[in-house]
Every structure is written in structure tokens, then in C-alpha cells.
Amino acid sequence: MQRGEIIEEFKNLREKTLAGIIESRDKNRKVIGIYCTYCPQELILAAGAVPVGLCGTRPDPIPAAEEALPRNLCPLIKSSYGYAVTDTCPFFSFADLVIGETTCDGKKKMFEIMQELKPVYIMQLPHLQNESSLKMWVEEIRDLKNFLEQKLEVEISDHKIKHYMKLVNKVKLRVKEVCDLNQADPPLLTGLELMTVSWSSGFYRGDVLQLLDQIKNAALFCKQPSIESKRPRILLTGCPVGRGSEKIIRLAEEEGGSIVAMESCGGYKNLSLYSDTSSDDPIAALAKKYFRIPCSCMTPNLYRMELLEQMMEDFTVEAVIDLTWQACHAYNIEAYEVKNLVKRKGIPYLHIETDYSTSDEEYLRLRIQALLEIV
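Residues numbered from 1 in each chain as written. Predicted model: local features only at pLDDT ≥ 70, side-chain atom pairs only at ≥ 80, totals over all residues. Heavy atoms only, no water.

Chemist: I'd love a proper account of the overall build of the protein, names of residues and values included.
Modeler: Assigned secondary structure in the protein consists of 16 helices and eight strands. The C-alpha atoms of the protein give a radius of gyration of 20 Å, which matches the 21 Å a tight globule of 375 residues would have. Per-residue burial for the protein yields a buried fraction of 54% across its 375 residues. A fraction of 74% describes how many contacts in the protein between residues 6 or more apart in sequence connect residues 24 or more apart. (Helix = DSSP H or I, 4+ residues; strand = E, 2+ residues; numbered from the N terminus. Rg over C-alpha atoms; globule rule 2.2 N^0.38 Å. Buried < 20%, exposed > 50% of the residue type's maximum accessible area, 1.4 Å probe, protein only. Contact = heavy atoms within 4.5 Å.)

As C-alpha cells, then:
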């Protein structure tokens, strides 16, 4: 297949997953909705269930959500709840239960309201990066395993967990290899292609590994690079982006920049974190991996700064855009540390606070133009 055809196949993974879910439900296989990278998908897969991502990345359902939620709330939370309350997300509709987590106060309280629509199991995520918090997180994942076994009436063996640990490790390694293609000059993938591949690879279908190999080979052996080498190389960090909320990526590339890397959730943030499949205790191994995810809800969030510094070097970054969704206080405050790090590296920095709407696009376009002029 040609490069464009492969990208279209990635876009279609969501629809293929939906078709697979319908078939799975006919075979009485359970479907579990998840909202965050902290949820260990390996356990869900080992339980014989289908994990599906539910985070809202589009503005369409937000007005319905605002009938119950505050308007000055993170658009990701409002979009997620809006899809649920309007029953316009097929994955939420088919989900037998939802697993949430306490990454932020907004999501935690939203899950309380969501329980009126669907059973919700909430994982208590510790926010301090220390040994006692890690021990608590190990027990939290054990509790999730016990809950899944009781709820789904299955036994989750260590052998099954390790099998899916290997699968998830393999998928993440392949995604990282694709993302690392953009260390080349010129980069081999556009920002929108990069987002599509990263975002879609969360659907653990049997053909995702094959597609990752295909896009890697297509990018490596394409005679003409898709991006001009003279374009400023931009690292996008901050809050997660997905299909429907990619306006910063689109604007930056329309104005002549090149998004060569994305550190945010669904991007590069956890691609170097793998489970130790040789561990005698796979639950503890899972806990150690997920505990290291450098989300701004963690304190101190040292690994994020280490990762950003390494990415700026590896991807030869010439500018950094730090995206904060409106009312995401943790990322908004942490932007202070990100700015100081980027300035110490002598790289132009732009912090953007926005929501999913298009009303501020021209203003954002001007700010991005100014950043690129500095480069």
C-alpha cells in the first residue's frame, strides 16, 4: 500500500475495532471503557475483555455536557461526559463497565455523575513519586485484578498477564520506532500523520503491528520526503490531542512549521516505559511501569523534564509549543517549569491555553506565526 493508504487504514482502526466489538459481544466477550493511560490494559486483555479508549477529543457533545458540568471545565472532561450522556459514542454504549482514575479533581467528580449512566470502577492514583505511593499503587492494581475476576467471572493468571505485557510492550516499541523516524532531517512524517498513528495504535487489533511496520517502511523508502527540510522543527508538549482536537498541529503546519514530536498523552510520553516480563510478580511489574508515566498530576514530575530535554536533543527541536486545555490546572502550573527548561536550552517557547472550539484560531495563528519568525 502507498503511504496515504496506510494512514487511512490507521484512521479506520477505530471503525474496525467497533466491528470487532459487535462480533465479540455476540460471543459474550465483555467490553471495558477506559479514559487514561494509567489504566493497565494488560489486565483487561488478560481477563478476556476488550479495552476501548473513551476520552472525548471532539467539541460536538460539549453543550450537552454543560447542562450538568461547569462551563469553565476542561474540554476533554466535558467532551467525554457529553458523549456518554448523549449516547453518541458507540464504544461507551457497548461498554459493560468503565474504569476511571483520579488523575484530576474534574475527572474524579465527573465519574461520580457518570455512574448514573454506566457502572464505573475508579482507581485511586497516588500523586507522590515515592516508595510508599508505589506500594499503594501495586495494591490498587491488585484490587483491579480482583474486581475484574469477580465482575467478569474469570481467572486472570500470571501467564496471561505476562502474555499481554509482551504484546503491549511490542506495540509501544513499534510506535516509538515510527515516532523516531522524525529524528531525520527532514522528518519523515507530518504532525497530523504522527498524531493519527499514535492515537490509533491504542486499538489493540491484530493488524496494528502490521500497519506500524508498513508505515515505517513506507516512510523510510519514500523517494520524496513529505516535509521540506527548511521548516522549523517543533516539539508539542502538554495536554493530550486527538482526532477532533488537533487544531494546534494543523495551524502550526499550515504556517510553515513541522511538528516533529509530541510528548503529550497518546504521544511519546510513555513509549519508553515497558513492563518487566521476567518479574515473578507481574502485578508489581505493571505497577512500576504505569507509576512512571510523567503526567502533570504527579509530584515531583521529574521524568517529564528529563524526557523533554532528551526529546529536544534527539529530534533537533527548534521551538516548543506547550498546550494547556482550558481549566487544566496541573499542566497550566507545570508550564512554568517547562518554560524554564526550554529557555535554558535556548529554544523559543510558546504556551497556549485554549479549548476545542475554533473561535480563537486566527489569534492562535498569529501567535504561532510570531514563534516561527523567531526561529
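Still more ground to cover, so stick around.
Chemist: Report on empty space enclosed by the protein, specifying residues and quantitative values.
Modeler: Counted under the stated rule, the structure contains one cavity of 30 Å³ or more. In this structure, the largest cavity spans a volume of roughly 50 Å³. Forming the boundary of the largest cavity are Met195, Ser198, Trp199, Val241, Met262, Ser264, Cys265, Gly266 and Gly267. Looking at the lining of the largest cavity element by element, the count peaks at three residues for helix H10 (residues 191-200). Per-class residue counts for the lining of the largest cavity are five nonpolar, four polar and no charged. (1 Å grid on protein atoms, 1.4 Å probe; cavity = no way out; pocket = protein on both sides within 12 Å on 5 of 7 lines; lining within 4 Å. Points joined across faces, edges and corners; volume = space filled by probe spheres on them. Nonpolar A, V, L, I, M, F, W, Y, C, P; charged D, E, K, R; others polar.)

Chemist: Go over the packing of aromatic side chains with me, naming the residues and quoting the values.
Modeler: One pass over the structure, following the stated rule, counts five aromatic pairs. Relative to Trp137, the ring of Tyr38 has its centre 6.4 Å away and its plane inclined at 90 degrees; by these criteria the two rings are edge-to-face. Here Trp137 lies in helix H8 (residues 131-152) and Tyr38 lies in the loop between strand S1 (31-34) and helix H3 (41-46), a separation of 99 residues in the sequence. You'll find Tyr38 and Trp137 in the same group, each marked buried. In this structure, Arg292 packs its charged tip against the face of Tyr303, placed 4.8 Å from the ring centre. (Phe/Tyr/Trp six-rings, centres within 6.5 Å; stacked < 30°, edge-to-face > 60°. Lys NZ or Arg CZ within 6 Å of the ring centre and 35° of its normal.)

Chemist: Any details on the sheet that holds strand S5 (residues 233-238)? Residues and values, ideally.
Modeler: Within the open sheet, the four strands sit side by side as S6-S5-S7-S8. Their pairing is parallel. Where the open sheet ends on each side, the last strands, each with one partner, are strand S6 (258-262) and strand S8 (349-354). Neighbour-to-neighbour, the strand axes of this sheet turn through a mean angle of 30 degrees, independent of strand direction. Bridge count for strand S7 (residues 319-325) against S8 is six bridges, and the pairing is parallel. Counterpart to Thr324 in the pairing with S8 is Glu353. With respect to the sheet, helix H15 (residues 329-344) is in contact with S5, S7 and S8, its orientation differing from that of S8 by roughly 165 degrees. (Pairing = 2+ DSSP bridges. Axes fitted to C-alpha atoms, helices over the stretch in contact; angles between N-to-C directions.)

Chemist: So what's going on with the pairing of S6? Residues and values would help.
Modeler: Counting buried residues in S6 gives five out of five residues, a clear majority hidden from the surface. Here S5 runs beside S6; their pairing, made up of four bridges, is parallel. Note on S6: the bridge partner recorded for Arg233 is Ser258. After leaving S5, the chain enters helix H12 (residues 247-254) and then returns to the sheet as S6, a path that is right-handed. (Right-handed = clockwise from strand over helix to strand, strands pointing away.)

Chemist: Pulling in residues and values, what's your account of the side chain of Ser80?
Modeler: Here Ser80 is to be found in helix H5 (residues 75-86). Here Leu76 takes part through its backbone oxygen, which lies 2.7 Å from a polar atom of the side chain of Ser80. (Polar contact = N/O pair within 3.5 Å; in protein donor to acceptor, adjacent residues only side chain to side chain.)

Chemist: Please set out the packing of H5 against helix H7 (residues 105-114) residue by residue, giving values where relevant.
Modeler: Look at H5 against H7: their axes get within 10 Å of each other, and the N-to-C directions meet at 10 degrees. Judged on the interaxial angle alone, H7 and H5 are roughly parallel. Of the residues in H7, those in contact with Ile77, Ser80, Tyr81 and Ala84 of H5 are Gly106, Lys107, Met110, Ile113 and Met114. Counted by class, the contact of H5 with H7 contains six nonpolar, two polar and one charged residues. (Parallel < 35°, antiparallel > 145°, perpendicular 65-115°, else oblique.)

Chemist: Which residues make up helix H9 (residues 158-179), and what are the values?
Modeler: Since one α-helical turn is 3.6 residues long, residues separated by three or four positions face the same way. For H9, spanning 22 residues, the distance from its first C-alpha to its last is 31 Å, which sits close to the expected 32 Å at 1.5 Å a residue. Listed as buried for H9 are Ile161, Met165, Val168, Asn169, Val171, Lys172, Val175, Lys176, Val178 and Cys179. Check the buried side of H9 and you find it contacts H3, H8, H10, helix H11 (208-220) and helix H13 (282-291). (Expected span 1.5 Å × (residues − 1).)

So yeah, pure geometry; function would need other evidence.
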